[in-house]
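Letter by letter, the chains look like this.
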Amino acid sequence: MSVRPHTRRDPAEPGSTEIQLPWWAIALPAVAFAALLLLILNPADAHAASSGPAVTGLLEHIQTLISRMAP
């Protein structure tokens, strides 16, 4: 059984490089960077364990950051 070779739809110019990244290759590092930036901005809020749900604390922290940025 033979396999057909992959052919390009649009031939590239000689000497040019075409790079196509999936959407998550940009989204995941951006989310990780934002999370680390939030911890750096206010390290007092980075508790190892707390009695309240983590999602609620994160949302409250994001809300306070947004309110500080708003004019």
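About the thresholds
- Residues numbered from 1 in each chain as written.
- Predicted model: local features only at pLDDT ≥ 70, side-chain atom pairs only at ≥ 80, totals over all residues.
- Heavy atoms only, no water.
- Helix = DSSP H or I, 4+ residues; strand = E, 2+ residues; numbered from the N terminus.
- Buried < 20%, exposed > 50% of the residue type's maximum accessible area, 1.4 Å probe, protein only.
- Areas by Shrake-Rupley, 256 points an atom, 1.4 Å probe, with all protein chains shown as cover.
- Patch = residues over 30% accessible without salt bridge, like charges linked within 9 Å, V, L, I, M, F, W, Y side chains within 5 Å.
- Salt bridge = Lys/Arg side-chain N within 4 Å of Asp/Glu carboxyl O.

A. Focus on the overall build of the protein chain. Within the protein chain one finds 2 helices and 0 strands. For the protein chain, the proportion of its 71 residues judged to be buried stands at 4%. Carbon and sulfur atoms make up 66% of the accessible area of the protein chain, which amounts to about 7100 Å² in all.

B. Local environment of a nonpolar patch on the surface. Together, Val-55, Leu-58, Leu-59, Ile-62 and Ile-66 line one region of the surface with nonpolar side chains, adding up to about 460 Å² of accessible area. Mapped onto the fold, Leu-59 is located in helix H2 (residues 54-69). You can call Leu-59 exposed: its relative accessible area is 52%.

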